[in-house]
Amino acid sequence: MPPTPPQLARWHEQVEELSAGAIRALSGEADLHFRGRRLHRGRQPLPLFGPHLAPALEQGDDAGSFRGAADGIALRLAHSDAALHRSLCPQPPVERLLFELLEQLRCESLADSAMPGVARNLRHRFDAWSRAYHHARLNETTRGMLLYTVAQISRSRVTGEPVMEETEDLIEGTRAELVPQLGTDLAGLRRQRHDQAAYALHALAIARAVAAMLAHGAEAAEQEAAARDGEEEEQATGFRVLMDFDPPAGEAGRLAQAGDARVLEGGSEAYRVFTRAYDREVAATALVRPDALRELRERLDARIARQAVQLPWLVRALQALLARPHADGWHDGQEEGLLDGRRLARLVALPTERRLFRAARTQPLADCAVTLLLDCSASMKEHAEWTAMLADVLARALERIGARCEVLGFTTGAWNGGRAQRDWQRAGRPARPGRLNELCHIVFKDAATPWRRARPGIAALLKPDLFREGVDGEALQWAAGRLAAQEAERRMLLVFSDGCPMDGATRLANGMHTLDRHLQQVAQRIEQQGQIALVGVGVGLDLSPYYAASHVLDLAHAGAGNAVFREVVGVLGGRVRR
């Protein structure tokens, strides 16, 4: 049975965590991590260094491929002078592709001979990429075969390893044509691989020569491509021939998409709201009739009972994680500790008295405030019971350890813009109006309300018609503002969502990624301020394009017991992808 998209998202998260650890260990750089399927140094995304360094579970790549790609990236970071490489790198796309590939092969050839496993990993990954290229029929065109052959013979010359046996006969004719023209520079690659500048001269010569061959045969290649039907294009879908030299705007699949937006090109101040006249903040209990609230609460209690959560374990885990010892008076009459002057008179009256000391008494206290911000867009409706149960149980456990907890939600007051969009239409549909919908920010439990009194409000999460569309950026601003106003030593904000911001009216009037970019900017601003620990918890979705710290929950395959709560405790403890 093939894995579901949420399972793939979880596996990708785990594989990327392991890959990032391998890259950090081998390169010696501590601030490397994956975010949005792209390696980052701190907040700066790094480019793809070679077409063979982007394995994907969806394409059937195994763990060895991911480890080989990780080792290749680490060697590039360790052995390549980025400034020198940029100064020498040509601008034409084909020349740049080949120059980048040849520099990557140089770095891979410098793997320490004392670490033979690294060389095996690199060979495994390059062979997997070569087979995928071949099976995708990308080498059936003249241009595709030329690029493939150059990659094969260049790696063979630089590393001293033979070309892949499966396609050795296939490339023989093209290799025989190339070697007389490139032979001198191919030999120079191996000879100068320890000197990046000298190596680059040969790499540039090869890149220019191959680019000239491709340009010379461009007309024939176009005719060949036109003669083919759409079958080849369909078979090659999802396989990258060329590299991304710059950070990507977004990824497909169960990865949150984030791209460019015209409305936000001027910076964070460019985000606009057409009207706030219909926005509202409302208590959840005001949205549901009292008798319906009772029914929903009974349904939620039954769901929690079926889950069989061990609340005492959860309380102990949260206390160990969040509580700090605070002074709570003294233990008097101790046989060791600090001398208690009040008891010295007893020593005169009773020389054998030993209980003349006192010790500080401490009490674990969780001086922290935790906000759970729940996405109440339509796609979260299927997870309503899970999110309501998580919110209820966590709020109860946090209250027991003395932490303050808020449970907030966000949706819209209407579908497709509602009254805000109608006002925009009456105003003549001005261009780029900004956000076009009625915000509805819901307070299921505020920090001052005890869990027992907030139980009906939390149960309102099960009301189906609360779930409409979502403007995540403004909801995050709202929740962060409420949290910052609370007096606490630590503040933590967990955002539970299963998708990108979605408001149809705003997207149609402003562009596809207006809300996405605003969410990115709001999250980045909160993270930079450092007053709030912000974590994006994706429900079957990777939220790393938006949040520096993120985690993927697969609620669709979660069973009874504490497993999901154990993951959430780990999130609160900082065990997230960064």
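We now turn to the structure provided with this report. (Residues numbered from 1 in each chain as written. Predicted model: local features only at pLDDT ≥ 70, side-chain atom pairs only at ≥ 80, totals over all residues. Heavy atoms only, no water.)

Since the α-helix advances by 3.6 residues per turn, residues separated by three or four positions end up pointing in the same direction. Within helix H20 (residues 563-572), 7 of the 10 residues are buried, which leaves it mostly tucked inside the rest of the structure. Every buried residue of H20 is accounted for by Val564, Phe565, Val568, Val569, Gly570, Val571 and Leu572. After H20 finishes, the residue Gly574 shows a positive phi value of roughly 90°. (Buried < 20%, exposed > 50% of the residue type's maximum accessible area, 1.4 Å probe, protein only. Helix = DSSP H or I, 4+ residues; strand = E, 2+ residues; numbered from the N terminus.)

For helix H12 (residues 311-322), with 12 residues, the first-to-last C-alpha span of 16 Å sits near the 16 Å given by 1.5 Å per residue. Looking only at H12, the buried set comprises Leu311, Leu314, Val315, Ala317, Leu318 and Leu322. Axial view of H12: buried residues confined to an arc of 165°, hence all on one face. Turned more than 90 degrees off the buried face of H12, the exposed positions are Arg316 and Ala320. (Expected span 1.5 Å × (residues − 1). Arc of directions from axis to C-beta.)

Right, let's talk about the packing of aromatic side chains for a bit. The geometry of an aromatic ring pair is captured by two quantities: the separation of the ring centres and the angle between the planes. What the rule picks out here adds up to 4 aromatic pairs. Joined through ring pairs, the aromatic side chains of Phe126, Trp129, Tyr133 and Tyr148 make up one cluster. Lying over the aromatic face of Phe126, Arg155 brings its terminal NZ or CZ to 5.0 Å of the ring centre. (Phe/Tyr/Trp six-rings, centres within 6.5 Å; stacked < 30°, edge-to-face > 60°. Lys NZ or Arg CZ within 6 Å of the ring centre and 35° of its normal.)

Next up on the list: the environment of Leu88. Tracing the backbone through its elements, the reader meets Leu88 in helix H3 (residues 82-88). A relative accessible area of 29% means that Leu88 is categorised as partly exposed. It is 7.4 Å that separates the C-alpha atoms of Leu88 and Ala200, two residues lying 112 residues apart in sequence. Not counting the four nearest positions on each side in its chain, Leu88 is found in contact with Phe99, Ala197, Ala200 and Leu204. (Contact = heavy atoms within 4.5 Å.)

Let us look at the sheet that holds strand E11 (residues 490-497). Spatial strand order, E4-E10-E9-E8-E11-E12-E13: 7 strands in an open sheet with mixed pairing. Each end of this open sheet is capped by a strand with a single partner; those strands are strand E4 (280-283) and strand E13 (550-553). The average undirected angle you get between the axes of adjacent strands in this sheet is 20°. Sheet analysis places E4 next to strand E10 (residues 439-445), joined by 4 bridges and oriented parallel. Across the sheet, Glu281 pairs through a bridge with His441, a residue of E10. (Pairing = 2+ DSSP bridges. Axes fitted to C-alpha atoms, helices over the stretch in contact; angles between N-to-C directions.)

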